[in-house]
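Structural overview for review
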Amino acid sequence: MFPARLLAAFCVLLFSASAWASTLFGVFTERTAPLALQAARQHLATHPADRIVLRTTAQLMRANERELRQWLSSADSVFAVAVFGDPARRLKDAIARYARSDARIMSFNGEQSLSLLTRDARGTLENFPPDILRQLSAESPPASALSTAEASPAARAWLAARQSWQAGGAHNIAALIGHLLHPEQALPPPRPEAALRLRVDGADVDKAALPSGPTLVVLDLSTADPSSADALCLQSKRSGLPCVAMLTRWGGASREAIEHLPELIAPAALIVLQDFVIGAAEGREAVTQALARLNVPVFKAIRLTERSALQWRLSPDGLPPDSVQYRVALPELQGTGQPVVVAVAGGVRTDRATGIEVRHPEILHQESARLVARAVRWQKLARMANRDKRVAIVYYNHPPGRQNIGADNLDVPASLFDMLHALKAAGYTVGELPASPQALLGRIMDRGVNLPEDQTALRDMALRVDGVDERAYARWFDRLPPRVRGEMRDGPLGRLHAEALEAERAGERALGRKRIESALKELHHLAEGADHPRRADAIRWLRQLERGYAACLIDTPLADRPPRSCATLAPLRQRLLALDIEGLRGWGAPPGRVMVSGERLLVPGLRFGNVFIGPQPPRGWEVDEELLHANTSVPPPHQYLAFYHWLRDVFRADAVIHLGRHSTYEFLPGKAVGLSGDDYPSLIASDLPGIYPYIVDGVGEGTQAKRRGLAVIVDHLVRMREGRLRMLVVR
């Protein structure tokens, strides 16, 4: 028989465990989900009676009202970290409706209105001064804010909880979770994690193992999965440039790492995986000054946590619009640019104990290699002697013809003349230069213009200008990605149809509709402006195509209409192509017809030693080019691609300058920001350093040049009397 004393003791223990059991509901970003899960597991290992329900912000947004009610009504504690925007608004509303009145709430590092909901038995932040709370969020809060917090038990608790989180490490977060579940247990002082970790060849190393020569540095947070940084370093090593991944805590630790970087290694370039600004708001200026002292190019690598590879590739926007600010715009304030997506969300794994979804990064190896190739090119440019640098300067001949050389508020011939002489003075190899801007303009009129409609003039000019043999171009063209080759030959409708089928198969119907709507809007505009005898048919059939895609990509087919496959729209697409309207039909097999003479795709322009100047190719010629100039759905002609292939691979340019507002390459088809390597602006920019003198008031269009064109902007003022660029030297 079971001893009575032992049975009584067991009952006491069982009752005690039940009485102490508590439930926590937590919301975290996709980036911090692995750390939150690790901490939750540590706590549950010693407190198995507790219940911890965790969700990411994406899970929160997908949840229905029943799930929200269930999570919040059963929670003794609610914990939210770094919740912004729509998820913050939804959580705040759900707390008001479903959370118990005695539930403890802790929120920080996100929307301030959510942080002000913080409460426990000691008090609430509901009436706490918002500006003081903002000051307490700084890395080193002012003494006056700390004094105010000291007088508020709720503010003291909030500050202590945030300090535990900021210290990093699963053991600190586990202690915080334990305190939130059982507030009668004091929150222990945090044990700070190492401020800096260094990785070489995918492993942590000490300072003695760091490379001694010029080194690529990849900066990331110590809380992040290191696989993205490791992948970039692997690509750099393959390119012959040593690499170190530098993992730091957020804020001051990152600032100190940048400030002391030259004491560790000789940085050749810096790739930043951190979002927002390095050093946080209070360290932003100090980091900006430290980056200026480093005097190396700083690139933005993007780890996309909300989208899979397929979702990213099909999306017309590239990045979720609400993430552009912290992933691209804020880093630009410190000179971090040329953004490339190097990792996306991998497969979802749902933790059985907590319910949180964890998605480890899926590395985009080709994109990582593309970004590293740009870093290597910039590093090579920095160490080359000026006399050896080969520079291409592209000006605009829009619309094509001998009388249209210009840019916004810029005297292009005079600016080219001044730039050539400035390059000569800086030691560049430029040969003999024209005696005046007028003499230079005369040469441009002879050999440096686009004449796509004048075959006689083209045959004459072909004898005096460079070009790409059609067979050599065909070999290069065959190495391009398959969907680019198909679109160049058959036009945007072919690629659009293939992507609609892909979205349909993958169940990404909403994304497919968004892609279709974005592209067909521009194709409608093109058809409406076309001077073609069957323009009315094109407009009518495009509308039918739009309705057809909307029907086959509908989320839930109507009860009285059976689902229709997008594949059934192929004949309608073929009828549109058969109309032979430029822009809709594609450019055919290489070499096409634009700027082709004999067996060559012409490259108009002039050489001055190691400097080439030439006109950017036309976007087309049968359709009014105004309809194509900034069209982001119609691919450029074959000669457009051939021109930039010649600059990189035949002329072997070390840098390309686009002179003034504005070029057309940054408006070619592709995602809005966070482009892939087979988006046309990426194909044109390639891995070449790009410099772009741009009028200072062209903020919106200049932003496209930076983000889509991967260019470094050099602002010039609006013209007063003369619109000449006095100096531009590639350094």
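Structural data are supplied above this passage.
Residues numbered from 1 in each chain as written. Predicted model: local features only at pLDDT ≥ 70, side-chain atom pairs only at ≥ 80, totals over all residues. Heavy atoms only, no water.

1. Comments concerning the packing of helix H23 (residues 492–506) against helix H26 (residues 570–578)
Working note: a packed helix pair is described by the angle between its axes plus the distance between those axes. It is the contact of H23 with H26, at a shortest axis distance of 10 Å, that shows an interaxial angle of 170°. Classified by the interaxial angle, the pair formed by H23 and H26 is roughly antiparallel. Between H23, through Leu493, Gly494 and His497, and H26, the contact on the second element is made entirely by Ala570, Arg573, Leu576 and Leu577. When the residues that make up the contact of H23 with H26 are grouped by side-chain class, the tally is four nonpolar, two polar and one charged. (Axes fitted to C-alpha atoms, helices over the stretch in contact; angles between N-to-C directions. Helix = DSSP H or I, 4+ residues; strand = E, 2+ residues; numbered from the N terminus. Parallel < 35°, antiparallel > 145°, perpendicular 65-115°, else oblique. Contact = heavy atoms within 4.5 Å. Nonpolar A, V, L, I, M, F, W, Y, C, P; charged D, E, K, R; others polar.)

2. Some words on the sheet that holds strand E12 (residues 298–303)
Taken together, the eight strands give an open sheet; going across it, the order is E8-E7-E10-E9-E11-E12-E13-E14, and neighbouring strands pair in mixed fashion. A single partner strand is all that each edge strand has here, and the edge strands are strand E8 (203–205) and strand E14 (357–363). Taken over all neighbouring pairs, the strand axes of this sheet differ in orientation by 35° on average, direction set aside. Here E12 runs beside strand E13 (residues 337–350); their pairing, made up of four bridges, is parallel. Bridging across to E13, Phe299 finds its partner in Gly337. (Pairing = 2+ DSSP bridges.)

3. So, the nonpolar core
Of all hydrophobic cores here, the largest spans 93 residues; its most connected members are Leu232, Ile271, Ile393, Leu416, Ile444, Tyr473 and Ile613. Top element by residues in this core is helix H27 (residues 638–650). It accounts for seven residues. Leave out the neighbours within four places in its chain, and Leu416 touches Ile393, Tyr395, Leu440, Ile444, Ile613 and Leu659. Core analysis: the second largest hydrophobic core is formed by 38 residues, Ile52, Phe108, Leu136 and Ala170 among them. (Core = buried A, V, L, I, M, F, W, Y, C linked by side-chain atoms within 4.5 Å. Buried < 20%, exposed > 50% of the residue type's maximum accessible area, 1.4 Å probe, protein only.)

4. Section: the sheet that holds strand E15 (residues 391–395)
Spatial ordering of the open sheet is given by E19-E20-E15-E21-E22-E23, a layout of six strands whose pairing is mixed. Strands with a single pairing partner mark the edges of an open sheet, and in this sheet they are strand E19 (606–608) and strand E23 (712–716). For this sheet, the mean angle separating the axes of adjacent strands, direction not counted, is 20°. In the sheet, strand E21 (residues 655–658) pairs with strand E22 (residues 690–695) via two bridges, with the strands oriented parallel. Counted as the bridge partner of Val656 is Gly690 from E22.

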